Amino acid sequence: MVKKIALGCLLPLVVVGGLGAFAYKALSKSEPKKERSEAVTRGDVEIKVIETGSIEALRKVEVKSKAGGRLDKLFVDEGAVVRQGQILAIIDPQEIDRQVDALRAQLTGAEARYQSALRGTDFQQVQTTTGVSQFEGAVNSALARLKLAEAEATTQPELTRQAIDAAEANLESTQATHDAQQQLLNQMIQVTHPQAIVSAEATLERAKAQAENAQRNRDRQRKLLAQGFVSQRDVDAADTDTRVADSQVREAQQRRDQIENQNRLEVANSKSQIANLRGQVRQTTAALAQAKSNILPTIKNRELENARASYVQALAQLKAAKSNTSQDAMRRSDADAAKSNVIQSKSQLEELLVRQRDTTLYASMAGVVTKRYIEPGEIVQSAVSSFGSGTPVFQIADLGSLIVKINVNEVDINKVRRGLPTEVRIDASGGTTFAGHVRKVAPAALNSASASSSGSGSGGGGSQGVIKFPVEIRVDKSDPRLKPGMSARCTIFIARRKSVLRLPTNCVTGAGTEGTVQIVTKTTKEGKKVETTAPRKVTVGLRGDDFVEVVAGIKEGEWVRPGAYTGPKRKEIEINFDKGPRE
């Protein structure tokens with residue numbers, strides 16, 4: 001029963017469908033196909049390149065910190081308008097402040113050591129000059145005694161008065177030299193040497209304090225490293241500071257020991273000189289007593305020998321005193337080394353002060369904060385001392401100058417040049433268009449990977465292997481509706497003719513300024529409208545993408561037959577109800 005009902009329903013449908021197909025085929029065979037014609041109109045003829053890209057600011061910078069550390073404060077946020085030089089953020093300066101204080105203390109100690117070395121150099125020079133002058137006087141005195149002894153040995157022994165006078169003068173000179181040397185020894189023991197010891201011990205105590213501070217800082221940095229708050233570089237710097245501080249303690253200890261040894265040597269040398277002078281005083285006293293007594297020839301000869309020995313001894317002492325100039329050179333070297341330490345400490349302090357100032361971030365240009373990358377409390381990597389490029393904190397852009405970056409296919413790139421007018425269409429603003437121009441055309445193409453990855457943003461498909469060139473479009477006038485990151489469709493006008501006679505490109509054959517069109521003439525034949533075509537030469541102007549400018553040879557309103565289709569053959573489907581569909 002169900003099969004009979006189904007056959008009864010399908011049979012009328014098949015009959016109606018067959019009759020409809022037969023009628024359509026009959027009508028299509030009876031009426032010839034009407035060909036399409038195009039009218040000559042007036043409008044614009046354009047050659048253009050269309051690509052899609054994204055809006056960017058022409059000038060934008062990423063604000064990074066030269067100093068690394070924890071971000072303490074932020075004074076601006078995204079969307080804020082900033083001026084050049086405005087304070088944006090502050091890096092926690094506690095660590096760098098402690099380093100500055102420690103280095104200032106180190107500089108104070110270095111300057112104290114330098115001043116102490118200068119005083120030691122001056123004292124050594126005075127001592128050497130005094131010793132040389134003293135022994136030069138002793139040589140002159142010994143030479144005078146020798147000449148007198150030689151004269152007395154060859155002249156009459158009765159000339160005792162001259163000998164007595166010379167002995168008295170020699171005694172006075174020797175006694176004065178002895179007193180001066182004794183006074184110099186007392187000054188060294190009571191004033192100069194205690195001051196040097198006190199200065200050296202003060203320097204040693206400061207060095208020990210700095211070493212303890214450096215050790216505490218190293219232990220603190222190691223704990224912070226274990227917690228992830230500082231980098232290994234900060235721990236290495238703390239280790240270096242600790243080793244430097246320990247070295248300074250050893251240096252201060254050695255310096256104090258050196259000063260104590262030098263003081264002992266200076267005291268021993270001065271006492272030796274005083275002992276020699278005492279001997280000379282006794283000799284001159286004995287010589288005076290002898291001069292006052294009766295002088296025998298044998299005694300004169302003995303005196304002559306003693307005078308000669310004294311003269312030789314004075315020459316040897318003068319030579320030894322002059323050899324002490326090497327001590328002057330050593331003291332000057334110590335002073336130069338101390339001065340170098342002062343200069344080095346000053347340079348390190350200036351560098352730390354620069355780093356201390358770098359903990360404050362300033363706006364490098366005026367504009368709008370378009371991005372804020374981190375939050376307060378996060379760690380910022382230095383942009384100059386780390387292996388990477390540093391942590392960006394803000395991005396500042398000048399929204400008064402905007403560009404659109406597009407990628408143009410290599411087929412069209414030779415048409416594009418700087419200054420060409422461009423129309424920028426923003427879909428996010430309801431299809432609003434803005435005027436612009438080509439600002440820059442890249443001299444080299446993107447690589448395949450870049451062209452492929454940027455194809456979705458440039459409107460050209462971006463399939464792998466397509467060669468594209470970066471092009472920048474400058475928006476002529478800024479607008480609040482334009483924001484970085486928006487997509488924009490850019491139409492670059494390579495050439496344009498406005499309000500000219502034009503025809504579709506498929507209606508004009510030929511090349512250059514000469515062309516041929518098929519003019520359509522409509523007539524009536526046997527009561528039916530008939531269209532005939534006749535070729536006509538025309539003068540062609542600009543050949544655009546869709547239309548061709550006609551300069552002469554045709555009028556507005558005339559009809560033209562498009563050229564024959566020269567593409568691949570179109571397939572037709574014929575429905576045959578007996579055998580089924582057939583191509």
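Residues numbered from 1 in each chain as written. Predicted model: local features only at pLDDT ≥ 70, side-chain atom pairs only at ≥ 80, totals over all residues. Heavy atoms only, no water.

Engineer: Residues and numbers for the overall build of the chain, please.
Structural biologist: Tallying secondary structure elements over the chain gives seven helices and 21 strands in all. Here the chain, with 583 residues, has 34% of them falling under the buried criterion. Excluding contacts between residues fewer than 6 apart, the proportion of contacts in the chain whose partners are at least 24 apart in sequence is 79%. Of the roughly 35,100 Å² of accessible surface on the chain, 53% is carried by carbon and sulfur atoms. (Helix = DSSP H or I, 4+ residues; strand = E, 2+ residues; numbered from the N terminus. Buried < 20%, exposed > 50% of the residue type's maximum accessible area, 1.4 Å probe, protein only. Contact = heavy atoms within 4.5 Å. Areas by Shrake-Rupley, 256 points an atom, 1.4 Å probe, with all protein chains shown as cover.)

Engineer: Can you break down empty space enclosed by the protein residue by residue, with the values?
Structural biologist: Summed over the entire model, instances satisfying the criterion amount to one cavity of 30 Å³ or more. Looking at the largest cavity, its volume works out to about 80 Å³. Residue lining of the largest cavity: Ala-105, Gln-106, Gly-109, Ala-110, Arg-113, Thr-203, Arg-206, Ala-207, Gln-210, Gln-248, Glu-251 and Ala-252, and that is the complete set. Of all elements in the fold, only helix 2 (94-154), helix 3 (160-227) and helix 4 (232-292) reach the threshold of two or more residues within the lining of the largest cavity. Take the lining of the largest cavity: its biggest share by element is five residues, from helix 2. (1 Å grid on protein atoms, 1.4 Å probe; cavity = no way out; pocket = protein on both sides within 12 Å on 5 of 7 lines; lining within 4 Å. Points joined across faces, edges and corners; volume = space filled by probe spheres on them.)

Engineer: Give me the lowdown on the side chain of Ser-270, citing residues and values where you can.
Structural biologist: Residue position: Ser-270 is located in helix 4. Not counting residues within four places of it along the chain, the set of residues in contact with Ser-270 comprises Gln-181, Leu-185 and Met-188.

Engineer: A description of the layout of surface pockets should follow, citing residues and the corresponding values.
Structural biologist: There is about 1,600 Å³ of room inside the largest pocket. Forming the boundary of the largest pocket are 48 residues, of which Glu-95, Gln-99, Asp-234, Ala-237 and Arg-355 lie nearest the centre. Those elements that place two or more of their residues in the lining of the largest pocket are strand 4 (69-74), helix 2, helix 3, helix 4, helix 6 (325-357) and strand 9 (379-380). Of the residues forming the lining of the largest pocket, the biggest block, nine residues, is contributed by helix 4. By volume, the second largest pocket amounts to about 720 Å³. The wall of the second largest pocket is formed by 37 residues, among which Arg-145, Asn-170, Gln-283, Ala-287 and Ser-310 lie closest to the centre. Of all the elements in the fold, those that place two or more residues in the lining of the second largest pocket are helix 2, helix 3, helix 4 and helix 5 (297-323).

Engineer: Give me the lowdown on the packing of helix 4 against helix 6, citing residues and values where you can.
Structural biologist: Running from N to C, helix 4 and helix 6 point in directions that differ by 160 degrees, and their axes come no closer than 14 Å. One finds that helix 4 runs roughly antiparallel with respect to helix 6. In this structure, helix 4 crosses over helix 6, and the sense of that crossing is left-handed. Residues Glu-251, Arg-255, Gln-258, Gln-262 and Glu-266 of helix 4 pack against Arg-331, Asp-334 and Asn-341 of helix 6. For the contact of helix 4 with helix 6, the class distribution of residues is no nonpolar, three polar and five charged. (Axes fitted to C-alpha atoms, helices over the stretch in contact; angles between N-to-C directions. Parallel < 35°, antiparallel > 145°, perpendicular 65-115°, else oblique. Left-handed = near helix turned anticlockwise from the far one by under 90°. Nonpolar A, V, L, I, M, F, W, Y, C, P; charged D, E, K, R; others polar.)

Engineer: Quick one: what's the story with the environment of Thr-533, residue by residue and with numbers?
Structural biologist: Tracing the backbone through its elements, the reader meets Thr-533 in strand 17 (residues 528-543). We classify Thr-533 as partly exposed; its relative accessible area is 40%. Residues Thr-533 and Arg-561 lie 28 residues apart in sequence; the distance between their C-alpha atoms is 7.4 Å.

Engineer: Please provide a residue-by-residue account of the sheet that holds strand 6 (residues 87-91), values included.
Structural biologist: Sheet architecture is open: four strands sit in the order 7-6-4-9, paired in antiparallel fashion. Of all strands in the sheet, those with a lone pairing partner are strand 7 (360-362) and strand 9, marking the two edges. (Pairing = 2+ DSSP bridges.)

Engineer: Which residues make up the pattern of salt bridges, and what are the values?
Structural biologist: Inspection of every chain in the model, using the stated rule, returns 23 salt bridges. A salt bridge links Glu-531 to Arg-561, with the shortest nitrogen-to-oxygen separation between them at 2.8 Å. Note that Glu-531 is positioned in strand 17 and Arg-561 in strand 19 (residues 559-561), a separation of 30 residues in sequence. Its relative accessible area of 30% is what places Glu-531 among the partly exposed residues. Bridged by salt links that share partners, the residues Glu-46, Lys-48 and Arg-496 form one connected network. (Salt bridge = Lys/Arg side-chain N within 4 Å of Asp/Glu carboxyl O.)

Engineer: Please set out the packing of aromatic side chains residue by residue, giving values where relevant.
Structural biologist: Two aromatic rings are characterised by how far apart their centres lie and by the angle between their planes. Under the counting rule described, the total for this entry stands at zero aromatic pairs. Above the ring of Phe-493, the side-chain terminus of Arg-496 is found at 3.6 Å from the ring centroid. Across the ring face of Trp-559, the terminal group of Lys-522 is positioned such that the distance to the ring centre comes to 5.0 Å. (Phe/Tyr/Trp six-rings, centres within 6.5 Å; stacked < 30°, edge-to-face > 60°. Lys NZ or Arg CZ within 6 Å of the ring centre and 35° of its normal.)

Engineer: Describe the sheet that holds strand 3 (residues 60-64), with residues and values.
Structural biologist: Pairing in this open sheet of four strands is antiparallel, and the strands run 3-10-8-5 from one edge to the other. The open sheet is flanked by strand 3 and strand 5 (81-82), the only strands paired with a single partner. Bridge analysis of strand 5 against strand 8 (residues 367-372) gives two bridges, and the strand direction is antiparallel. Within strand 8, the residue paired with Val-82 across the bridge is Gly-367.

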